[in-house]
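# Descriptive analysis of the structure
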Amino acid sequence: MYADTVVLIVLKTVTLVCGAILTWLTYKTYRRTGAAPMRALWLGMGCITTGTLLAGSAHQLLTVPIIKSSIVQSLFTTVGFVMLIYSLYTEQPIGN
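Since the structure is predicted, the reported quantities are computational estimates derived from the model, not experimental observations. (Residues numbered from 1 in each chain as written. Predicted model: local features only at pLDDT ≥ 70, side-chain atom pairs only at ≥ 80, totals over all residues. Heavy atoms only, no water.)

### A few points about the overall build of the chain
If you tally the helices and strands in the chain, you get three helices and zero strands. C-alpha extents for the chain along the principal axes are approximately 55 × 20 × 20 Å. The long-range fraction of contacts in the chain, counting pairs at least 24 apart against all pairs at least 6 apart in sequence, stands at 62%. Surface summary for the chain: the accessible area is close to 6,700 Å², and the carbon and sulfur share equals 73%. (Helix = DSSP H or I, 4+ residues; strand = E, 2+ residues; numbered from the N terminus. Contact = heavy atoms within 4.5 Å. Areas by Shrake-Rupley, 256 points an atom, 1.4 Å probe, with all protein chains shown as cover.)

Quick look at the structure:
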C-alpha cells in the first residue's frame, strides 16, 4: 500500500509541475497577444492545474478521503476541459 501512495504522489507532482508550466506559458501568450481564445486556454489550464493541487493537498494534508479529493479534481478537470473546448471555438475578431 505504501508503494502505491508514493507512486500516486510522484505522478500527481509531475502532473502539477507540467500543468503549472503549461498554465504559465499560456498566460504569457495571452498577455502578449491579448487574444480571447488564449485567455480561455489559460484559464482552462489553470483550472485543471488548480484541481490537481487542491485534490492532492486535501488528501495529503487534510486527510480527506481519496474518493472525495478525486471528486474535487474531477470537477475542476471537467470545468477546465469545457474552457479548453471553448477556447478552440472562440473566434478572434478580424483586425486583432
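### Digging into helix H1 (residues 2-33)
Its 32 residues place the ends of H1 46 Å apart at the C-alpha level, agreeing with the 46 Å of an ideal helix rising 1.5 Å per residue. Residues of H1 that are buried include every one of Gly 19, Thr 23, Thr 26, Thr 29 and Tyr 30, and no others. Those residues of H1 that are buried lie in contact with helix H2 (36-61). One or two residues past the end of H1 sits Gly 34, with phi positive at roughly 70 degrees. (Expected span 1.5 Å × (residues − 1). Buried < 20%, exposed > 50% of the residue type's maximum accessible area, 1.4 Å probe, protein only.)

### Quick look at the packing of aromatic side chains
The relation between two aromatic rings is expressed through the spacing of the ring centres and the mutual angle of the planes. Under the counting rule described, the total for this entry stands at two aromatic pairs. With 4.8 Å between their ring centres and 50 degrees between their planes, Tyr 27 and Trp 42 make a pair best called tilted. Taken together, the residues Tyr 27 in helix H1 and Trp 42 in helix H2 connect sequence positions 15 residues apart. Since its relative accessible area comes to 23%, Trp 42 is described here as partly exposed. Geometrically, the ring pair formed by Tyr 30 and Trp 42 is stacked, given 5.7 Å between the ring centres and 10 degrees between the ring planes. Taken together, the residues span a long stretch of sequence, with Tyr 30 in helix H1 and Trp 42 in helix H2 at a distance of twelve residues. Three or more aromatic residues link up through ring pairs in this structure, and these residues are Tyr 27, Tyr 30 and Trp 42. (Phe/Tyr/Trp six-rings, centres within 6.5 Å; stacked < 30°, edge-to-face > 60°.)

### Describing the confidence of the model for the chain
Scored by pLDDT, the chain comes out at a mean of 90, with 94% of its residues at no less than 70. Element-level mean pLDDT values for the chain span from 92 in H2 up to 94 in helix H3 (residues 66-89). (pLDDT = per-residue confidence, 0-100.)

### What about the packing of H2 against H3?
Two numbers describe how H2 lies on H3: the axes approach to 7 Å, and their chain directions differ by 175 degrees. By the angle class used here, H2 and H3 are roughly antiparallel. (Axes fitted to C-alpha atoms, helices over the stretch in contact; angles between N-to-C directions. Parallel < 35°, antiparallel > 145°, perpendicular 65-115°, else oblique.)

### Quick word on H2
Here H2 is 26 residues long and its end C-alpha atoms lie 36 Å apart, about the 38 Å a rise of 1.5 Å per residue gives. By the burial criterion, the buried members of H2 are Pro 37, Ala 40, Gly 44, Met 45, Gly 46, Cys 47, Ile 48, Thr 49, Gly 51, Thr 52, Ala 55 and Ala 58.

### Remarks on the packing of H1 against H2
It is at 8 Å that the axes of H1 and H2 come closest, and there the two elements cross at 155 degrees. It follows from the interaxial angle that H1 and H2 lie roughly antiparallel. H1 and H2 meet at a crossing whose hand is left-handed. (Left-handed = near helix turned anticlockwise from the far one by under 90°.)

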